[in-house]
There are 4 protein chains.
Amino acid sequence: MSTVRVTVWNEFRQEKNTPAMAVHYPHGLHETIAGFLRTDSALVVRTATLDEPEHGLSEAVLAETDVLIWWGHKAHAEVSDEVVARVRRCVLEGMGLIVLHSGHYSKIFKSLMGDSCSLRWRVATDRERLWNLLPSHPIAAGIGECIEIAAEEMYGEPFGVPTPDELIFVSWFSGGEVFRSGATWRRGHGKIFYFRPGHETFPTYHHPDVQRVIGNAVHWARATRRIPDGARRIPPREPLPPA
Amino acid sequence: MSTVRVTVWNEFRQEKNTPAMAVHYPHGLHETIAGFLRTDSALVVRTATLDEPEHGLSEAVLAETDVLIWWGHKAHAEVSDEVVARVRRCVLEGMGLIVLHSGHYSKIFKSLMGDSCSLRWRVATDRERLWNLLPSHPIAAGIGECIEIAAEEMYGEPFGVPTPDELIFVSWFSGGEVFRSGATWRRGHGKIFYFRPGHETFPTYHHPDVQRVIGNAVHWARATRRIPDGARRIPPREPLPPA
Amino acid sequence: MSTVRVTVWNEFRQEKNTPAMAVHYPHGLHETIAGFLRTDSALVVRTATLDEPEHGLSEAVLAETDVLIWWGHKAHAEVSDEVVARVRRCVLEGMGLIVLHSGHYSKIFKSLMGDSCSLRWRVATDRERLWNLLPSHPIAAGIGECIEIAAEEMYGEPFGVPTPDELIFVSWFSGGEVFRSGATWRRGHGKIFYFRPGHETFPTYHHPDVQRVIGNAVHWARATRRIPDGARRIPPREPLPPA
Amino acid sequence: MSTVRVTVWNEFRQEKNTPAMAVHYPHGLHETIAGFLRTDSALVVRTATLDEPEHGLSEAVLAETDVLIWWGHKAHAEVSDEVVARVRRCVLEGMGLIVLHSGHYSKIFKSLMGDSCSLRWRVATDRERLWNLLPSHPIAAGIGECIEIAAEEMYGEPFGVPTPDELIFVSWFSGGEVFRSGATWRRGHGKIFYFRPGHETFPTYHHPDVQRVIGNAVHWARATRRIPDGARRIPPREPLPPA
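In this text the structure is predicted, and so the values were computed from the model without any measurement. (Residues numbered from 1 in each chain as written. Chains lettered and ligands numbered in written order. Predicted model: local features only at pLDDT ≥ 70, side-chain atom pairs only at ≥ 80, totals over all residues. Heavy atoms only, no water.)

Moving on, we come to the overall build of chain A. Broken down by element type, chain A carries seven helices and ten strands. Relative to its length of 243 residues, chain A is compact, with a C-alpha radius of gyration of 19 Å against a globular reference of 18 Å. Dimensions of chain A, computed from the C-alpha atoms along their principal axes, are close to 70 × 40 × 35 Å. Of all 243 residues assigned to chain A, the portion counted as buried reaches 62%. Of the contacts formed within chain A by residues at least 6 apart in sequence, a portion of 71% connects residues at least 24 apart. Carbon together with sulfur atoms contributes 55% to the accessible area of chain A, which is approximately 8,500 Å² in total. (Helix = DSSP H or I, 4+ residues; strand = E, 2+ residues; numbered from the N terminus. Rg over C-alpha atoms; globule rule 2.2 N^0.38 Å. Buried < 20%, exposed > 50% of the residue type's maximum accessible area, 1.4 Å probe, protein only. Contact = heavy atoms within 4.5 Å. Areas by Shrake-Rupley, 256 points an atom, 1.4 Å probe, with all protein chains shown as cover.)

Printed below as a string of structure tokens:
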């Protein structure tokens, strides 16, 4: 298996002015994610953030990205439509996409779902258990019957997304809600995985099982090649020779 | 809309020797279900039980049944393979089927799912909330954001069923589990709905929302006609005339 | 069953300068479609076209529309993003949407699919047979084993759409291709049906089976109410009382 | 990637008395399939046939089988229910299953689909084109826009199966029909692929693209481990410690 090239994209705003976030992610949430991914020698990992030119997602970067990871929260509206269209085109051509937590409301996720992507939520400290519905799925490799997270923000149903192709994790929250927390969709030639945990003021991305799921998803989402799209005017085919 | 003919099937064994069940269902669980369905003037409701000849499910009865409701628990193995094959054939031809609670392990449900239908369970008194994922689905008509049940047995994931066509309810249990509690599948020309609540020692089938869901499902599951199955040897079609 | 309010939207450009289209649709393709729908007394039908103010799709019109039918071809780019966003919001709230033929490449369909919506195509005169995969589906009511169309444009796979919730028709073309010609998706609270036939220079919308499918789809797609969307910040729920 | 252990099961009856079959498969259809699979050094391939003890599918053989390939036609009824139950259990635990052509009507396929598995068919010599709907799917690796087969038996829709998880190939037949010829389903922890071509009197299994699809499917269907099934009575979990 050849190397998988991963780009971790982070809004990288709240770390700078939210001490409760900076304490867990002093170099930015993207660096924490990139850091644990780099312990997998099959991956080559770079990062990109909102305030870089083109948000760090130039054509050149995306051409060298097999799987893009996306974390955004407060500044979805600041992501340029041009970059969103570019990322979307790359996903449809086969680039894998992993959308984390509040990225459910990013332009790119809404664009690929074709749905509201809305949900219930509560700023609180809930316990969360992500139940493993598909233990034989590669994204769940090494995960037991559930992932336990001691403190997380709550997301609740109904989650405004099309029926997932595969529903891997469903969360239980101590406050009384449930959520489809790990799900996959195919769009064009690209594979998409949404993974719920990861509120910025909790150390969720330091949780070994959360890291394992994201690492698994990177391998699952990578395509072997890009296939450009395009409607085509095609000539009539010649008939097959008689049998 | 013409009349819908419903047959409520119940194992009807535990009521006779389980006081905790008889207190809630003195005439049998089937009579409670039939009773609330009969308040809908669009329905004509009969019952059938395990110990009747042919389990009450003769060809004649099934030919006059638009929707069959199934509750079984301890005696799945006593249902004859012949009757199961008959019910299965009718479902594939278009008869609706609503499987309740422990019916998940009935021969007929396993036969139509083609899967293990296994699940986790715990004899306890959990609180249950069934979250409404598809409020615009006809089965969820009149149901709010969730159904609350004060005391129920726990069922937990993974539930060994094929990916549902539609996932309508997901349960939260106070003990810490989740479950896909309301889901639909199409098999042949028949529509199938599985609905989780209904442990025999709780008054679940007296709950207004539970009654409403079952009533809705009856209308949803009914087909307008039966379509017999059969592979066919067919002659080559004549070509269409030139345009 | 109460009245269904239908709006038939047509680009209405080619009729004016394409004699081969005008001969079949002298008052515009929308009037042909509205005309046969009006023979169903359960429907109230209006039309709207691109060159009307707001393309004929004001908030007021959409608020009174249960099901919107869409035919566009050459002028997809001229449909304003504002109107597309409005239609999209209404679909997510529960308005039904039926997209016809070259509408596969409309902004609204691409927006709701989240996919490329591309396909192969050939300007030619193929014979088409739409095979009926789900004869018990309400959209296929009254349709036999297939719909035969003597002359149509060819659309071929791969069709760049998410896996349909239901695949009702698959087309065979005399030139050697196949296509998923009738399929449904749920987005938000809205039901969407795509139906392939309908090239502008053929009399396809005068075909009785094509008319029947569109009429069936109108009844299938209508919702009983609109449900506004929106992520919500919700307070912790009070715990249920002890069992 | 470690070795994949494949068992090719064949009814192996018609070869002995049907010269039109024996000419293409002189040592049995299973030997032709096993032969081309053995050119892949990552596979270890054995065969099994109906008239061996336990049809060649003892517990020991299945315990050493990662992927089972199934071809049957005239003698489905002679396969013992005990062996079918054993194969089914292994699939649910994670053994891959590839069902070929007339195997659509085998006991094992019907058991896992929970549906009629019926279809239209015609003994004739049609040309077949299998269109590639998911060129980025691993089962379609190396396949172009379609697979062309000069002479095959016709299978037509409706095919009585649950909605596939993935629809990879749809066939066009010169006689005027279409068919979902390559499709996947998940059952328990097992992955199932149905592949249509392969009538016994045609040299279909010598076709390079047909061989490539079957070889791809073997790699796709293999699981990394078996997961025994079973409903479990589980104790209440201890609550998580306060956050």
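Following the sequence through the fold, Gly142(B) ends up in the loop between β5 (120-132) and β6 (146-156). For Gly142(B) and Gly28(B), which are 114 residues apart along the polypeptide, the C-alpha to C-alpha distance reads 27 Å.

Quick look at the interface of chain A and chain B now. Taken residue by residue, the interface counts 21 residues in chain A and 21 residues in chain B. Between chain A and chain B lies a buried interface of about 1,700 Å² when both sides are counted; carbon and sulfur atoms form 63% of it. Together, Trp131(A), Trp172(A) and Val178(A) form the three largest contributors to the area buried by chain A at its contact with chain B, with a combined 31%. Between chain A and chain B we count two salt bridges in total. Between Glu145(A) and Arg120(B) there is a salt bridge; the shortest N-O distance is 2.9 Å. On inspection of chain A and its partner chain B, the count reaches nine residue pairs in polar contact (both at pLDDT 80 or more). If you list the elements that add at least two residues to the side of chain A that touches chain B, you get β5 (120-132), β7 (166-173) and β8 (178-187) of chain A. Broken down by class, the residue content of the side of chain A that touches chain B amounts to eight nonpolar, six polar and seven charged. (Buried area = accessible area lost by both parts, 1.4 Å probe. Salt bridge = Lys/Arg side-chain N within 4 Å of Asp/Glu carboxyl O. Polar contact = N/O pair within 3.5 Å; in protein donor to acceptor, adjacent residues only side chain to side chain. Nonpolar A, V, L, I, M, F, W, Y, C, P; charged D, E, K, R; others polar.)

Turning next to the relation of the copies chain A and chain B. Rotating chain A by 180° about the axis while translating it 0.0 Å along that axis superimposes it on chain B, leaving an RMSD of 0.0 Å. Within this description, the copies of the chain are treated as partners about a two-fold rotation axis. Closest approach to the rotation axis within chain A is made by the C-alpha atom of Trp172(A), at a distance of 3.3 Å. Interface overlap between copies is the fraction of interface residues in one copy that are interface residues in the other; for chain A against chain B it reaches 100%, indicating a shared surface. (Least-squares fit on C-alpha atoms with pLDDT ≥ 70 in both.)

Attention now goes to the interface of chain A and chain C. Each side of the interface is counted separately: chain A has 33 residues, and chain C has 33 residues. For the pair chain A and chain C, the summed buried area comes to about 2,600 Å², and 48% of that belongs to carbon and sulfur atoms. On the chain A side of the contact with chain C, Trp121(A), Arg232(A) and Ile234(A) bury the most area, a combined 21% of that side's loss. At the surface where chain A touches chain C, the tally comes to zero salt bridges. Where chain A meets chain C, there are six residue pairs in polar contact (both at pLDDT 80 or more). Only α5 (81-93), α6 (107-113), β5, β8 and β10 (232-233) of chain A provide two or more residues apiece to the side of chain A that touches chain C. Grouping the amino acids of the side of chain A that touches chain C by side-chain chemistry returns 13 nonpolar, eight polar and twelve charged.

What follows deals with the confidence of the model for chain A. With 96% of its residues at a pLDDT of at least 70, chain A reaches an overall mean of 94. As a predicted assembly, this complex carries a pTM of 0.97 together with an ipTM value of 0.95. (pLDDT = per-residue confidence, 0-100.)

Glancing now at the relation of the copies chain A and chain C. Of the transformation superimposing chain A on chain C, the axial component is 0.0 Å and the angular component is 180°, with the fit at an RMSD of 0.0 Å. Interface overlap between copies: 97% of the residues of chain A at the interface are likewise at the interface in chain C, consistent with a symmetric, same-surface contact.

All names here are of chain A. Topologically, Val-161 is positioned in the loop between β6 (146-156) and β7. Of the residues examined, Val-161 reaches a relative accessible area of 10% and is grouped as buried. When the C-alpha atoms of Val-161 and Ser-116 are compared, they prove to be 6.7 Å apart, with 45 residues separating the residues in sequence. Excluding residues within four positions of it along the chain, Val-161 makes contact with Phe-109, Met-113, Asp-115, Cys-117, Arg-180 and Trp-185.

Residues and elements named next belong to chain A. Burial analysis of strand β4 (residues 96-100) places five of its five residues in the buried class, which makes it a mostly covered element. Here β4 shows two buried faces, one formed by Gly-96, Ile-98 and Leu-100 and the other by Leu-97 and Val-99. Pairing geometry for strand β3 (residues 67-71) and β4, over four bridges, is parallel. From the neighbouring strand, Trp-70 faces β4, where its bridge partner is Val-99. You can see the chain leave β3, run along α5 and come back into β4, and the turn it takes is right-handed. In the sheet, β4 pairs with strand β9 (residues 190-195) via four bridges, with the strands oriented parallel. Bridge pairing links Leu-97 to Ile-192 in β9. (Pairing = 2+ DSSP bridges. Right-handed = clockwise from strand over helix to strand, strands pointing away.)

Here we come to the pairing of strand β8 (residues 178-187) of chain B. Residues and elements named next belong to chain B. Taking burial as the measure, the ten residues of β8 include ten buried ones, the bulk of the element. Of the pairings in the sheet, the one linking strand β7 (residues 166-173) to β8 comprises six bridges and is antiparallel in character. Bridge pairing in β8 links Leu-167 to Ala-183. In this structure, the hairpin formed by β7 and β8 is closed by a connection of four residues, where Gly-176 is found at a positive phi of approximately 120°. Pairing of β8 with strand β9 (residues 190-195) involves six bridges; the strand directions are antiparallel. Across the sheet, Ala-183 pairs through a bridge with Tyr-194, a residue of β9. Turn length for the β8-β9 hairpin, with the two strands adjacent in sequence and antiparallel, is two residues, and the turn residue Gly-188 shows positive phi of about 55°.

Glancing now at the nonpolar core. Ranked by internal contacts, the top residues of the largest apolar core, which has 84 residues, are Leu57(C), Val87(C), Phe109(C), Leu57(D), Val87(D) and Phe109(D). Counting residues in hydrophobic clusters, the runner-up holds 83 residues, among them Met113(A), Cys117(A), Val87(B) and Met154(B). (Core = buried A, V, L, I, M, F, W, Y, C linked by side-chain atoms within 4.5 Å.)

Its location among the elements puts Glu157(D) in the loop between β6 (146-156) and β7 (166-173). Engagement of the side chain of Glu157(D) in a polar contact is seen with the backbone nitrogen of Phe159(D), the distance being 2.7 Å. Of note is the side chain of Glu157(D), whose polar atom sits 2.9 Å from the side chain of Arg180(D). Beyond its immediate stretch of four places on either side in the chain, Glu157(D) contacts Trp131(C), Leu133(C), Arg120(D), Val178(D), Phe179(D) and Arg180(D).

This brings us to the pattern of salt bridges. Taken as a whole, this structure holds 80 salt bridges over all chains when the rule is applied. Its salt-bridge partner being Asp81(D), residue Lys107(D) comes within 2.8 Å of it at the nearest N-O pair. Linking Lys107(D) in helix α6 (residues 107-113) with Asp81(D) in helix α5 (residues 81-93), this pair joins segments that are 26 residues apart in sequence. Through salt bridges with shared partners, a single ionic network connects Glu54(A), Glu59(A), Glu82(A), Arg86(A), Arg89(A) and Glu93(A).

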